[in-house]
Amino acid sequence: MEAESEPYVRLATMRQLHQAVADLNTARSLADTLQAVADGIVTGLGYELGCVNLVRPDGDLVIAAFAGNAAAEALITGRVGSRASWERRLSMGESWDQLRFIPHTEGWVLLDDDVPQWHTEGPEPRFEDEWHPLDRLYAPMYASGGGRDLLGVISVDRPRNGRRPGAWGREALQMYASQAAIAISNARLRANMQRALVRLEREQQALRASEESFRQAFEYAPSGMAIAEMGGDQHGRLLRTNDALCRLLGRPASVLRRYSFADLVHPEDIGTLLRTSAEGGRAELRLGRRDGTYLWVSLRNSVVADTADGPRFLLTHVEDIEERKRHELNLAHRASHDALTGLPNSAELRSRLSDRICERPHSPAATAIEALDAAYGDVESSLTHGYPADGYEGEAVPGGGLYDHHVHAVAPDEDHDDGTKGLAVLFCDLDGFKSINDRFGHHTGDAVLIEVARRLSTCVRDGDTVARLGGDEFVVLADGLGAADAADLAVRLRNAIIPPIRVDGRAVRVGASFGIGWAECGMSVEEVLRSADQRMYVEKRSRSKVHRRAG
């Protein structure tokens, strides 16, 4: 069975990375943003040292922020390395996609160049992927817009686990560098916009120059910008949009002036938009494009006054975050789904079961008299040890009993069909799978597991869950079934698995043993799975070996 800790480790890493990226967007100035980038390397990515080297107007790189060691920060912050030396470093060593790793066996030639550096002495590595004190890992940051203009370089040192980062760690660092580049670009843009806004508030003579500066910053901003009315009957209506926003939404400016963001937002995100404050409000939501699709964007609001006492307008900065959202969803899917079959994994299965059952067992509903007592003041008669009579927290409704937002999971009577429907848990163990692995190898075994997963998925309804628990064990969750329904489903699933499976021109067969358990409120997730597992073994032992193995 696969280790169950790996998905949780990935989820924890993703949460830390998500928090580090979120911190980048809360910084109020460019300096705060740069320091947030350095701090995120230490707090979110698992390195002891992080350094941000920023490209200056003259092309050289200055150490703009450092995190992880106060002595090193005081010594090298503000020092400059030449562009030529940096380009040399970024062309050496190993290319890890957009990252650049220089092992200590090659990096010794860099000890005497003009790039400021800090390292600590340490022992020689004891194994192949152990981190050496003179190893170097760089993550270049490029300006947004699809070009290759170098914005800066993130350098990291001393992973906390003592090893060179694997594929997961490299991908996290690369994504963080991409988001850091966007945050730094946005911080610069906000600084330019703030300076423009200050100029707009000056006297009329300086106002004309300020308006031109604002116009250029607005029109030629690499990300979308919009100005909307604030207050009155037309509150929120778009008055002006830049070319970047028009391209982003696939609509001309003349058409966008007919709408507000409330008209363009995805129906599921309207609440998020309405909760976003005008002054300094931020939101991540989906806006509709002309072709009917929706695009994930980040909105940031600022209030702009036309003159000192004139009307106020809403300035909204719209940033395309579709790629990041897609990447986050992909990471979340990989953490909660089996890599081989694509089915929900053990952690996701337990999460779905936990969402469906509560800790308190279901008991018969309160009588009408008890409900009236609860509604009109005699609460003691309807409460047992502080909880409503149905065993779960609810709200008393006159004449209608205790109203419970939670629908309790109950198990049907397997000996007498009284019409009760429940959440069936079908535990499946493949028969004869080990011999296929032993005879034909893991490649054939993996192909069998993939085909079994496909067959199981095609036999269930939309809304049911087919999960791979690990090895050759699968679990099916099917709600709203009676005892006979669950038995019929087990037969259909077994019959779907039995037909031969062709792998590389060879036909192989496996059988399946099913145990039917029921998820009930008052049971833990482990108790539910253990009950179904035990019934599966009872069913497996009840049949002869000849009948258990399909072939």
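Keep in mind that what you see is a predicted model, and the values were worked out from it rather than measured.

Criteria and cut-off values
- Residues numbered from 1 in each chain as written.
- Predicted model: local features only at pLDDT ≥ 70, side-chain atom pairs only at ≥ 80, totals over all residues.
- Heavy atoms only, no water.
- Helix = DSSP H or I, 4+ residues; strand = E, 2+ residues; numbered from the N terminus.
- Contact = heavy atoms within 4.5 Å.
- Areas by Shrake-Rupley, 256 points an atom, 1.4 Å probe, with all protein chains shown as cover.
- Expected span 1.5 Å × (residues − 1).
- Buried < 20%, exposed > 50% of the residue type's maximum accessible area, 1.4 Å probe, protein only.
- Pairing = 2+ DSSP bridges.
- Axes fitted to C-alpha atoms, helices over the stretch in contact; angles between N-to-C directions.
- Phe/Tyr/Trp six-rings, centres within 6.5 Å; stacked < 30°, edge-to-face > 60°.
- Core = buried A, V, L, I, M, F, W, Y, C linked by side-chain atoms within 4.5 Å.
- 1 Å grid on protein atoms, 1.4 Å probe; cavity = no way out; pocket = protein on both sides within 12 Å on 5 of 7 lines; lining within 4 Å.
- Points joined across faces, edges and corners; volume = space filled by probe spheres on them.

## Notes on the overall build of the protein chain
Next up, step 1: Per the secondary structure count, the protein chain includes 19 helices and 22 strands.
Next up, step 2: Sequence separation of at least 24 residues holds for 59% of the intrachain contacts in the protein chain that already meet a minimum separation of 6.
Next up, step 3: Put simply, the protein chain shows about 28,100 Å² of open surface, and 50% of that area lies on carbon and sulfur atoms.

## Observations regarding helix H18 (residues 525-542)
Next up, step 1: For H18, spanning 18 residues, the distance from its first C-alpha to its last is 26 Å, which sits close to the expected 26 Å at 1.5 Å a residue.
Next up, step 2: For H18, the complete set of buried residues consists of Val525, Val528, Leu529, Ser531, Ala532, Met536, Glu539 and Lys540.

## Things to note about the sheet that holds strand E8 (residues 224-229)
Next up, step 1: Read across the sheet, 5 strands follow the order E9-E8-E12-E11-E10 without closing on themselves; strand pairing throughout is antiparallel. Whereas interior strands pair on both sides, the edge strands pair on one side only; in this sheet they are strand E9 (238-241) and strand E10 (282-288). Pairwise comparison of adjacent strand axes, ignoring direction, gives a mean angle of 35 degrees for this sheet.
Next up, step 2: Inspection of the sheet shows E8 paired to E9 by 3 bridges, in the antiparallel sense. Bridge pairing in E9 places isoleucine 227 opposite arginine 240.

## Examining the packing of aromatic side chains
Next up, step 1: In total, this model carries 3 aromatic pairs according to the counting rule given.
Next up, step 2: Aromatic pair tryptophan 86 and tyrosine 138: ring centres 5.3 Å apart, planes at 75 degrees, arrangement edge-to-face. Of the two residues, tryptophan 86 sits in helix H4 (residues 83-89) while tyrosine 138 sits in strand E6 (residues 136-142), which places them 52 residues apart along the sequence.
Next up, step 3: Ring geometry for phenylalanine 101 against tryptophan 131: centres 6.0 Å apart, planes inclined by 55 degrees, an arrangement best described as tilted. With phenylalanine 101 in strand E5 (residues 99-102) and tryptophan 131 in the loop between helix H5 (104-107) and E6, the pair connects residues that are 30 residues apart, well separated along the chain.

## Remarks on the pairing of strand E18 (residues 465-470)
Next up, step 1: Of all the 6 residues making up E18, 6 are buried; the element is thus mostly covered by neighbouring parts of the structure.
Next up, step 2: By the bridge criterion, 5 bridges tie E18 to strand E19 (residues 473-481) in an arrangement that is antiparallel. Its bridge partner being in E19, alanine 467 is matched across the sheet by valine 475.
Next up, step 3: In this structure, the hairpin formed by E18 and E19 is closed by a connection of 2 residues, where glycine 471 is found at a positive phi of approximately 60 degrees.

## Notes on the nonpolar core
Next up, step 1: Among the nonpolar cores identified, the biggest contains 39 residues, and Val37, Leu137, Met141, Ile154, Leu173 and Tyr176 are the most heavily contacted of them.
Next up, step 2: For this core, the secondary-structure elements that each account for two or more residues are helix H1 (5-24), helix H2 (30-44), strand E1 (47-55), strand E2 (61-67), E5, E6, strand E7 (150-159) and helix H6 (167-200).
Next up, step 3: The element contributing the most residues to this core is H6, with 10 residues.
Next up, step 4: For leucine 173, the contacting residues outside a window of four places in its chain are Leu45, Tyr47, Leu99, Leu137, Ala139 and Val156.
Next up, step 5: Listed in part, the 31 residues of the second largest apolar core include Leu343, Cys428, Val448 and Ala512.

## Quick notes on empty space enclosed by the protein
Sizing a probe to match a water molecule and rolling it over the atoms shows the empty space that remains.
Next up, step 1: Tallying each qualifying case throughout the model produces 2 cavities of 30 Å³ or more.
Next up, step 2: Its volume calculated, the largest cavity comes out at about 310 Å³.
Next up, step 3: Forming the boundary of the largest cavity are 23 residues, of which Gln117, Trp118, Ser155, Val156 and Asp157 lie nearest the centre.
Next up, step 4: Those elements giving two or more residues to the lining of the largest cavity turn out to be E1, E2, H4, E6 and E7.

## Remarks on the environment of threonine 293
Next up, step 1: With respect to the helices and strands, the residue threonine 293 is situated in the loop between E10 and strand E11 (294-305).
Next up, step 2: Taking the C-alpha atoms as reference points, threonine 293 and histidine 266, separated by 27 residues in sequence, lie 9.7 Å from one another.
Next up, step 3: In contact with threonine 293, not counting residues within four places along its chain, are Leu287 and Gly288.

## Brief notes about the pairing of E5
Next up, step 1: Because side chains alternate across E5, one face comprises the buried residues Leu99 and Phe101, and the other comprises Arg100 and Ile102, equally buried.
Next up, step 2: Across 3 bridges, strand E4 (residues 94-96) lies against E5 in antiparallel orientation. By the bridge assignment, serine 95 is partnered in E5 with arginine 100.
Next up, step 3: Following E4, the chain reverses through 2 residues before pairing antiparallel with E5; aspartate 97 in that reversal takes a positive phi of roughly 60 degrees.
Next up, step 4: Here E5 runs beside E6; their pairing, made up of 3 bridges, is antiparallel. Note that in E6 the partner of arginine 100 across the bridge is tyrosine 138.

## So, unusual backbone geometry
Next up, step 1: If you check the backbone angles, arginine 158 has positive phi at about 55 degrees while not being a glycine.
Next up, step 2: Looking at the element boundaries, arginine 158 is found in strand E7.

## Thoughts on the sheet that holds E19
Next up, step 1: Taken together, the 4 strands give an open sheet; going across it, the order is E18-E19-E17-E22, and neighbouring strands pair in antiparallel fashion. Looking at strand neighbours, the two that pair on one side only are E18 and strand E22 (511-519), the edges of this open sheet. Looking at each pair of strands side by side, their axes are set apart by 25 degrees on average, direction ignored.
Next up, step 2: Here 9 bridges tie strand E17 (residues 422-431) to E22, and the two strands are oriented antiparallel to one another. Each bridged residue has a counterpart across the sheet, and for phenylalanine 427 the counterpart in E22 is glycine 515.
Next up, step 3: Contacts between H18 and the sheet are confined to E17, E19 and E22, with E22 contributing the most and set at about 140 degrees to the helix.

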